[in-house]
Amino acid sequence: KQWYQRRVAITAGQLKYKERCSEMGIGGHHIRSELENLVQDLPILMIKISNQLPTLTDTLNYYQEFARFLIDNPELEVCPMLLYVIKFGNVSVKQWQSGPLQNESDTDSSVEVIEPIGAADTDSNGCVVIETLKSDVDCSGDPVPCEYGVDDGTDVIDFGTHIDFGDDIDFGIEAVDYEGGEIDFGDVEISVVEDGEEKGKESLLENTNTRNKIVDELYELLAFLTSRRDELLKHGQSIISEIANCPTIVLTTQVETIEVMLSTVNGVLASLTNDKMRHLLLLKNSEKYLERLTDAMQSQLRLCDKMEDNIEDLKIRIADAEQTFEEVEPKLQHMIEVTKELKKEVERELSKRYKGRPVRIMGDINTL
């Protein structure tokens, strides 16, 4: 019985391990390397999911028209992240944040580029030479030159060659004498991690924040379709059709069409939120999770192997017990026969002492 119970436990553990490997899409022979290789396929999976999103175009149009009609806002835009991915694809986060690039014609052509002052703009004393500018706007009838307060016949501003700050200015700097000589900072290594740049290279479906927004919008779309389906099943189009200026797509969409839309949304949502995708995203973003998952799967496999070894040991012990029983059984049968004869003799002796009255010995001895 113990052997059978352990065999059942081993079989159940092996089946669970195989199911988990099948769920992850690995063979289970070299767990860590297989999981690392699996993460490399994540961009391909994301491209496949992004290719599924255009199937939601009609659903999003229906939802948007319904919301615009209900709220009376023709400029309302629902599920902007989904619409963006459908239009532009699974682009990088940086590209999504930067938006469309501006053309050269869109730049301000009135901005004048100021060139740096060169050697030709200074005189022999190193002073900056500023040309006298004349106003292009005729305010008084005659152009008026700019006055710089210089009356030496030149257009040069002399800033002087020496500025005396005095000897009494205290800048708050003290000189400290380090008697120890040079300061030993040791071997200092500075590592700069450009996390923002790395995150910017991720696609919209790989980045945690943008992917969560897309999933939230899918749940929003799912909730709307479910509510709309229940409303149609209960009341039909009678309520909405009585409202003036109702869009055609709202009036003509039937329950069967909404069921198809629900199935499509559920399919895309399942692709983004299933257990395999969740494991892949955690493996991509966390080295510790990779180690923890590898250890968990290996420990489950080690437990099955250990139980297998215990079963082999149990088989040996069962074989030894059976052999011992075969050797002891003849002796046991002989002792039983001797015990029964001894019982009979005791009963006869007791019967003689009680003048031939019958005597029977009661107890477990009669079970032999």
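Preceding block: the structure.
Quick summary incoming for the structure in this document. From a predicted model like this one, the values you see are computed outputs, not experimental measurements.

**Observations concerning the pattern of salt bridges**
Then comes step 1: Inspection of every chain in the model, using the stated rule, returns eight salt bridges.
Then comes step 2: For Arg229, the salt bridge goes to Asp230, with nearest N and O atoms at 3.5 Å.
Then comes step 3: We note a salt bridge from Arg278 to Asp275, for which the minimum N-O separation is 3.8 Å. With Arg278 and Asp275 both in helix H12 (residues 275-285) and three residues apart, the pair spans about one turn of that helix.
Then comes step 4: Here the salt bridges share partners, and the residues they tie into one network are Arg32, Glu36 and Glu287.

**A look at the packing of helix H5 (residues 80-88) against helix H8 (residues 208-235)**
A packed helix pair is summarised by two numbers, namely the angle formed by the two axes and the spacing between the axes.
Then comes step 1: Between H5 and H8, the shortest axis-to-axis distance is 8 Å and the interhelical angle comes to 110 degrees. When the axes of H5 and H8 are compared, the pair comes out roughly perpendicular. Between H5 and H8, the contacting residues are Pro80, Met81, Leu82 and Val85 on the first element and Thr210, Lys213, Ile214, Glu217 and Leu218 on the second.
Then comes step 2: Looking at side-chain class alone, the contact of H5 with H8 contains six nonpolar, one polar and two charged residues.

**Some details on the environment of Ile214**
Then comes step 1: By secondary structure assignment, the location of Ile214 is in helix H8.
Then comes step 2: Overall, the relative accessible area of 0% leaves Ile214 in the buried class.
Then comes step 3: Not counting residues up to four positions away in its chain, the partners in contact with Ile214 are Met81, Leu82, Val85, Leu204, Leu205 and Leu272.

**Focus on the nonpolar core**
Then comes step 1: In terms of nonpolar packing, the biggest core is built from 55 residues, with Leu35, Ile214, Leu218, Leu225 and Leu283 touching the most fellow members.
Then comes step 2: If sequence neighbours within four positions are ignored, Leu225 has contacts with Thr59, Tyr62, Ile258, Met261, Leu262 and Val265.

**A few points about the side chain of Lys343**
Then comes step 1: By the element assignment, Lys343 lies in helix H13 (residues 287-353).
Then comes step 2: With a relative accessible area of 16%, Lys343 lands in the buried category.
Then comes step 3: When sequence neighbours within four positions are dropped, the list of residues in contact with Lys343 reads Ile361, Ile365 and Asn366.

**As for the packing of aromatic side chains**
Then comes step 1: What the rule picks out here adds up to five aromatic pairs.
Then comes step 2: Taken together, a centroid distance of 6.4 Å and an interplanar angle of 50 degrees make the contact between Tyr62 and Phe66 tilted. Residue Tyr62 and its partner Phe66 are located together in helix H4 (residues 57-71), separated by four residues, close to a single helical turn.
Then comes step 3: Taken together, a centroid distance of 5.7 Å and an interplanar angle of 50 degrees make the contact between Tyr62 and Phe224 tilted. You can see Tyr62 sitting in helix H4 and its partner Phe224 sitting in helix H8, a full 162 residues away along the chain.
Then comes step 4: Through successive ring pairs, a cluster of aromatic residues spans Tyr62, Tyr63, Phe66 and Phe224.

Reading the values: the criteria
Along every chain, residues carry numbers that run from 1 in the direction the sequence is written. In keeping with the model being predicted, local features are shown solely for residues with a pLDDT of at least 70 and side-chain atom pairs are shown and tallied solely at 80 or more, while totals for entire chains, interfaces and linings include all residues. Side-chain numbers here rest on the full set of heavy atoms in the structure, without hydrogens or water. When a carboxyl oxygen of Asp or Glu lies within 4 Å of a side-chain nitrogen of Lys or Arg, that pair is called a salt bridge. In this text, helices come from DSSP runs of H or I with a minimum length of four residues, and strands from runs of E with a minimum of two, each type numbered from the N-terminal end. As a rule, the C-alpha atoms of each element are fitted with a line to give its axis, helices using only the stretch in contact, and angles between N-to-C directions run from 0 to 180 degrees. With respect to orientation, any angle under 35 degrees is reported as roughly parallel, any angle over 145 as roughly antiparallel, any angle of 65 to 115 as roughly perpendicular, and every other angle as oblique. Here, residues are in contact when the closest pair of their heavy atoms is within 4.5 Å. Ten residues, namely Ala, Val, Leu, Ile, Met, Phe, Trp, Tyr, Cys and Pro, are considered nonpolar, four, namely Asp, Glu, Lys and Arg, are considered charged, and the remaining ones, Gly among them, are considered polar. The buried label applies to any residue whose accessible area, calculated with a 1.4 Å probe on protein chains only, is under 20% of its type's maximum; exposed applies above 50%, and partly exposed to all values in between. Side-chain atoms within 4.5 Å link the members of a nonpolar core, which is a set of buried Ala, Val, Leu, Ile, Met, Phe, Trp, Tyr and Cys residues. For Phe, Tyr and Trp, where Trp contributes only its six-membered ring, two rings pair if their centres lie within 6.5 Å, and the inter-plane angle classes them as stacked under 30 degrees, edge-to-face over 60, or tilted in between.

In short, geometric facts, not functional conclusions.
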